[in-house]
Amino acid sequence: MITGTIKTQIDQIWNAFWSGGVSNPLSVIEQLTFLMFIKRLDDLQTVEERKSEDLGRPIARRIFPEGTDDKGEPYDNLRWSRFKHFEAREMMRIVDEHVFPFLRQLGEEGSSYGTHMKDARLGFSNANLLAKVVQMLDDIPMDDRDTKGDVYEYMLGKIASAGTNGQFRTPRHIIELMVNIMKPQPGDTICDPAAGTCGFLVAAGEYLRDHHPKMLRKKETRDHFHNHMFHGFDFDATMLRIGAMNMTLHGVENADVSYRDSLAEEHGTDAGGYSLILANPPFAGSLDYDTTAKDLLKIVKTKKTELLFMALFLRQLRIGGRAAVVVPDGVLFGSSTAHKDIRKMLVEEHKLDAIIKLPSGVFRPYAGVSCAIVVFTKTGVGGTEGVWFYDMTADGFSLDDKRTPLLDAEKLGVCPAHTLTDEEHTKNNLPDILTRWGDWEAEAARPRTAQSFMVPAEDIIATGSWDLSLNRYKEIEHEEVAHAAPAEIIAELRALESEIAEGLDRLEGMLG
């Protein structure tokens, strides 16, 4: 957890960019990502140099070569620890004309350090701004993994505008809920095919560190964690850079964060490759059949991205693999053949576990669309017995564009520091969802008027449209209201009319 002082330092960096003419939050986070990457390269080389001195051996991994670059600048001057002491204009010359070309060269050479840096560019020309930001970043203590990750997450929290392709940042407490429901295991291979900032993968990694600490002490599981467990795809170069940096700063050394248009490319290489999918993909309308992956169209013939993503999840999961994904409400009750086909597959061919209805406004200020979390297991042979429905009405924050916290910080999130009272529960349902999840015997006994309840698969199949909307099954308790007998109401009306007539007579008499 970062302190208020560090948050203030980060806020000041943001303000410096804003007053320096860089106002787009995505541009700010991208430039900060570049600068933090440059600093990290220097830190890595410093570690190698210390190792070399202690062991009396040559440096094993040299990032900055000896000598000079193509333009005659010593590589040593390209290091953060050197240029941070330069005068502002000289620093700008070094960073713009030498450091960024060096980053692009690392990217083009396919260096593991330079992934996603092929088109890196300094996005401003204000030397004083650069010097100021470099100094401010250097002053933030980021010595341990937790702080680095938290600092970057705090920065990502400042991305306040939706992207060009409908992507937006999933609230971290919703991610935390989905990860805690799915309980990632050390043997899992986890994928987010629309990774964005890699928030789901980062949260899964943190969950594993907290719940399976021994995993990182064994060579095999540690190697799996760092090199093979996490896979995130996106087709936005900026988001890939941000996502890769997020994973690195959270201590995952070599996550597979790579370019892929998940709905357009065939999935022969990784079909059935993942045991857990966590995702909140962008739902950007429709695609043409010509530009859609043929293997997805074989599962469901549709142009709608939300249904194609459902087909993608089924395609990518291995048998026995699990998924928790956010979908717009329309997926649950849409009347097209493709909508019904997808729902029928989930209910009859695989194991649909749960539908958690999210309150409208949970994704504000980015989007106001109603959504739900769908939890399912790919079996290929069915297995749905009962589907758990939960009607989430509050997530701890106001549901308007301001998203103001409704409770103190220690009472927010999935695992608050204290048990919530009934009144506090009405403002934050997340701990209750986690408590009820898995206690199927108790849930089966709940009436359909409750906030959560089970619906047998037969009832869903009997609708003929495999309707999965909560309102289809939730029963509303109507309160009995007592009314007077009609004769009494008529007598009361007559008395009122008589009173009005008497009043009018008196008024007429007064007027003469």
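Residues numbered from 1 in each chain as written. Predicted model: local features only at pLDDT ≥ 70, side-chain atom pairs only at ≥ 80, totals over all residues. Heavy atoms only, no water.

For the protein, an unreviewed UniProt entry supplies the name site-specific DNA-methyltransferase (adenine-specific) and the organism Acetobacter vaccinii. The record in UniProt for the protein states the following under Sequence similarities (unreviewed entry): "Belongs to the N(4)/N(6)-methyltransferase family." We quote the UniProt Catalytic activity (unreviewed entry) comment for the protein here in full: "a 2'-deoxyadenosine in DNA + S-adenosyl-L-methionine = an N(6)-methyl-2'-deoxyadenosine in DNA + S-adenosyl-L-homocysteine + H(+)". (UniProt positions renumbered as here; feature names shortened; annotations may be inferred.)

Q: Looking at this structure, I do not really get the domain arrangement of the protein. What am I missing?
A: Size of an interface, as often reported, equals the accessible area lost when the parts are brought together. By the assigned domains, the protein splits into domain 1 (4-153) and domain 2 (166-401 + 429-472). Tallying the contact residues gives 18 residues for domain 1 and 19 residues for domain 2. Carbon and sulfur atoms make up 62% of the surface buried where domain 1 meets domain 2, a total of about 1700 Å² over both sides. Among the residues domain 1 hides against domain 2, the three largest losses belong to H116, R145 and E153. Together they make up 41% of the total. Counting across the interface, domain 1 meets domain 2 through three salt bridges. Residues E153 and R172 are paired through a salt bridge, measuring 3.0 Å at the closest nitrogen-oxygen approach. Only α2 (25-55) and α6 (145-156) provide two or more residues apiece to the side of domain 1 that touches domain 2. Counting residues per element, the side of domain 1 that touches domain 2 draws most heavily on α2, at eight residues. Residue classes in the side of domain 1 that touches domain 2 are distributed as eight nonpolar, three polar and seven charged. (Domains from an automatic or database assignment. Contact = heavy atoms within 4.5 Å. Buried area = accessible area lost by both parts, 1.4 Å probe. Salt bridge = Lys/Arg side-chain N within 4 Å of Asp/Glu carboxyl O. Helix = DSSP H or I, 4+ residues; strand = E, 2+ residues; numbered from the N terminus. Nonpolar A, V, L, I, M, F, W, Y, C, P; charged D, E, K, R; others polar.)

Q: Please explain the sheet that holds strand β2 (residues 230-234) as it appears in this structure.
A: Within a sheet, adjacent strands bond to each other through the backbone by hydrogen bonds, running parallel or antiparallel. Strand order in the open sheet formed by nine strands is β3-β2-β1-β4-β5-β7-β6-β8-β9, and the pairing between neighbours is mixed. Single-partner strands in this sheet number two, and they are β3 (256-259) and β9 (452-456). Neighbour-to-neighbour, the strand axes of the sheet open up by a mean angle of 15°, direction not taken into account. When strand β8 (residues 386-391) meets β9, the two strands line up antiparallel, connected through five bridges. Among the inter-strand pairings, F389 is bridged to a residue of β9, identified as F453. Docked against the sheet, helix α10 (residues 237-249) engages β2 and β3, running at close to 175° with respect to β3. (Pairing = 2+ DSSP bridges. Axes fitted to C-alpha atoms, helices over the stretch in contact; angles between N-to-C directions.)

Q: Sorry if this is basic, but what is going on with a nonpolar patch on the surface here?
A: A cluster of nonpolar side chains, contributed by I500, L504, L507, M510 and L511, occupies part of the molecular surface with about 610 Å² of accessible area. Here L504 is to be found in helix α20 (residues 486-510). What makes L504 exposed here is its relative accessible area of 54%. (Patch = residues over 30% accessible without salt bridge, like charges linked within 9 Å, V, L, I, M, F, W, Y side chains within 5 Å. Areas by Shrake-Rupley, 256 points an atom, 1.4 Å probe, with all protein chains shown as cover. Buried < 20%, exposed > 50% of the residue type's maximum accessible area, 1.4 Å probe, protein only.)

Q: It is not clear to me how a negative patch on the surface should be interpreted in this structure. Could you clarify?
A: Among the surface-exposed residues, E499, E502, D505 and E508 lie close enough to one another that they form a single negatively charged patch. One can find D505 in helix α20. (Lys, Arg positive; Asp, Glu negative; His and termini not counted. Charge placed at Lys NZ, Arg CZ, Asp CG, Glu CD.)

Q: In this structure, what is going on with the environment of V387? I would like to understand it.
A: Relative to the helices and strands, V387 resides in strand β8. Classification of V387 as buried rests on a relative accessible area of 0%. A C-alpha to C-alpha distance of 5.2 Å links V387 and A354, two positions 33 residues apart in sequence. Contacts of V387, omitting those with residues within four sequence positions, involve L352, D353, A354, I355, F453, M454, V455 and I460.

Q: Is there a simple way to think about the packing of aromatic side chains in this case?
A: Aromatic rings considered in pairs are described by the distance between their centres and by the relative angle of their planes. Counting across every chain of the model gives 13 aromatic pairs. Ring centres 5.3 Å apart and planes at 20° place the aromatic pair F64 and F102 in the stacked group. Here F64 is found in the loop between α2 and α3 (80-83), whereas its partner F102 is found in helix α4 (residues 88-108), with 38 residues between them in sequence. According to the relative accessible area criterion, F102 is buried, its value standing at 6%. A network of ring pairs unites the aromatic residues W388, Y390, W437 and W440 as a single cluster. The aromatic ring of Y289 is capped on one face by K301, whose charged end is 5.2 Å from the ring centroid. Here the basic side chain of K303 rests over the ring of Y289, its NZ or CZ set 5.0 Å away from the ring centre. (Phe/Tyr/Trp six-rings, centres within 6.5 Å; stacked < 30°, edge-to-face > 60°. Lys NZ or Arg CZ within 6 Å of the ring centre and 35° of its normal.)

Q: Is there a simple way to explain the packing of helix α1 (residues 4-19) against α6 in this structure?
A: Between two packed helices, the angle of one axis relative to the other and the distance separating the axes together describe the packing. Contact geometry for α1 and α6: axes closest at 11 Å, N-to-C directions at 45°. One element, α1, and the other, α6, form an angle in the oblique class. When you trace α1 past α6, the crossing you get is right-handed. Every residue of α6 that contacts α1 at I6, K7, I10, D11 and W14 is listed here: T147, V151, Y154 and M155. For the contact of α1 with α6, the class distribution of residues is six nonpolar, one polar and two charged. (Parallel < 35°, antiparallel > 145°, perpendicular 65-115°, else oblique. Left-handed = near helix turned anticlockwise from the far one by under 90°.)

Q: How should α4 be read in this particular structure?
A: Counting along an α-helix, one turn takes 3.6 residues, and residues three or four places apart therefore face a common direction. Helix length check: α4, at 21 residues, gives a terminal C-alpha distance of 29 Å against a target of 30 Å (1.5 Å per residue), a fit within 8%. Taking the backbone nitrogen of R89 as reference, a side-chain oxygen 3.1 Å away marks E87 as the first, capping residue of α4. (Expected span 1.5 Å × (residues − 1). Polar contact = N/O pair within 3.5 Å; in protein donor to acceptor, adjacent residues only side chain to side chain.)

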